[in-house]
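# A look at the structure
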Amino acid sequence: MFRKLTALLTFGVVLGGGGPAFAVCEGADGVMSTLVCLDHEYKAADAELNAMWKKVMTVHPSGGDRSVHREEIRASQRAWIAFRDADCEAQSKIGIPKYWDVNRMWCLYNATVARTATLREVYVN
């Protein structure tokens, strides 16, 4: 028990504190199991993002000024993807090298969950 708690606290320090990924992957024991868990959670979050993206594009059909707005939304999404990838790569290099892959997956997961929420709030609701 003490070892698991120490590992979680270590990941918390390396990754910048607790967050949604830790609540989801708190049962992971070690770097590899944490990485597997985060990869699984990221893929689920990415699928949710893609579903939300389809809703956004449905809410903003083409025609008139809406076509212009859709293109702006697309440009925003492309810029966000580029930013997310660069930012998560930079954040991955924080701390001990053996945690870099975990850091990157944690960042991808959190950024994707946040972007999905933003798309929902701004464009769908």
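Let me sum up the structure you'll find in this document. In this text, all values refer to a predicted model and were calculated from it rather than measured experimentally.

In this section: the overall build of the chain. Secondary structure summary: the chain contains 5 helices and 0 strands in total. Expressed as a percentage of the 125 residues in the chain, the buried residues total 35%. A fraction of 63% describes how many contacts in the chain between residues 6 or more apart in sequence connect residues 24 or more apart. On the chain, roughly 7500 Å² of surface is accessible, and the fraction owed to carbon and sulfur atoms is 61%.

Time to look at the pattern of salt bridges. Applying the stated criterion across every chain yields a total of 6 salt bridges. A salt bridge links Arg-84 to Asp-85; its shortest N-O distance comes to 2.9 Å. Of the residues examined, Arg-84 reaches a relative accessible area of 9% and is grouped as buried. Classification of Asp-85 by relative accessible area gives partly exposed; the value is 37%. Measuring nitrogen to oxygen at the nearest pair gives 2.5 Å for the salt bridge that ties Glu-89 to Lys-93. Taking relative accessible area as the criterion, Glu-89 reaches 36% and is therefore assigned partly exposed. By sharing partners, the salt bridges in this structure join Glu-89, Lys-93 and Arg-104 into a single network.

Looking now at the packing of helix H3 (residues 31–59) against helix H5 (residues 100–124). The geometry of a pair of packed helices is captured by two quantities: the angle between their axes and the separation between those axes. One can describe the packing of H3 onto H5 by two numbers: an axis separation of 8 Å at closest approach and a directional angle of 20°. Judged by the inter-axis angle, H3 sits roughly parallel to H5. Like other packed secondary-structure pairs, H3 and H5 cross with a definite hand, here left-handed. For the contact of H3 with H5, the per-class residue count stands at 19 nonpolar, 3 polar and 8 charged.

With that settled, the discussion passes to the nonpolar core. Membership of the largest hydrophobic core comes to 15 residues, with the highest contact counts inside it found for Leu-38, Tyr-42, Val-102, Met-105 and Leu-108. Where this core is concerned, the elements lending two or more residues are H3 and H5. In terms of nonpolar packing, the next biggest core, distinct from the first, is built from 10 residues, Met-52, Trp-53, Leu-119 and Tyr-123 among them.

Right, let's talk about the state of the cysteines for a bit. In total, this model carries 2 disulfides according to the counting rule given. Two residues, Cys-25 and Cys-37, share a disulfide whose sulfurs are 2.1 Å apart. Judged by the torsion about the S-S bond (-90°), the Cys-25/Cys-37 disulfide is left-handed. With Cys-25 in helix H2 (residues 20–25) and Cys-37 in helix H3, this residue pair connects regions lying 12 residues apart in the sequence. Comparing Cys-25 with Cys-37, the two get one shared label, buried. With its sulfur 2.1 Å from that of its partner, Cys-88 forms a disulfide with Cys-107.

Among the secondary structure elements, Thr-112 is positioned in helix H5. Judged by relative accessible area, which is 0%, Thr-112 ranks as buried. A polar side-chain atom of Thr-112 sits 2.7 Å from the main-chain carbonyl oxygen of Leu-108. In this structure, Thr-112 is in contact with Tyr-42, Ala-45, Asp-46, Leu-49, Trp-80 and Arg-84, ignoring residues within four places of it in sequence.

So, how was this worked out
- Residues numbered from 1 in each chain as written.
- Predicted model: local features only at pLDDT ≥ 70, side-chain atom pairs only at ≥ 80, totals over all residues.
- Heavy atoms only, no water.
- Helix = DSSP H or I, 4+ residues; strand = E, 2+ residues; numbered from the N terminus.
- Buried < 20%, exposed > 50% of the residue type's maximum accessible area, 1.4 Å probe, protein only.
- Contact = heavy atoms within 4.5 Å.
- Areas by Shrake-Rupley, 256 points an atom, 1.4 Å probe, with all protein chains shown as cover.
- Salt bridge = Lys/Arg side-chain N within 4 Å of Asp/Glu carboxyl O.
- Axes fitted to C-alpha atoms, helices over the stretch in contact; angles between N-to-C directions.
- Parallel < 35°, antiparallel > 145°, perpendicular 65-115°, else oblique.
- Left-handed = near helix turned anticlockwise from the far one by under 90°.
- Nonpolar A, V, L, I, M, F, W, Y, C, P; charged D, E, K, R; others polar.
- Core = buried A, V, L, I, M, F, W, Y, C linked by side-chain atoms within 4.5 Å.
- Disulfide = S-S within 2.5 Å.
- Polar contact = N/O pair within 3.5 Å; in protein donor to acceptor, adjacent residues only side chain to side chain.

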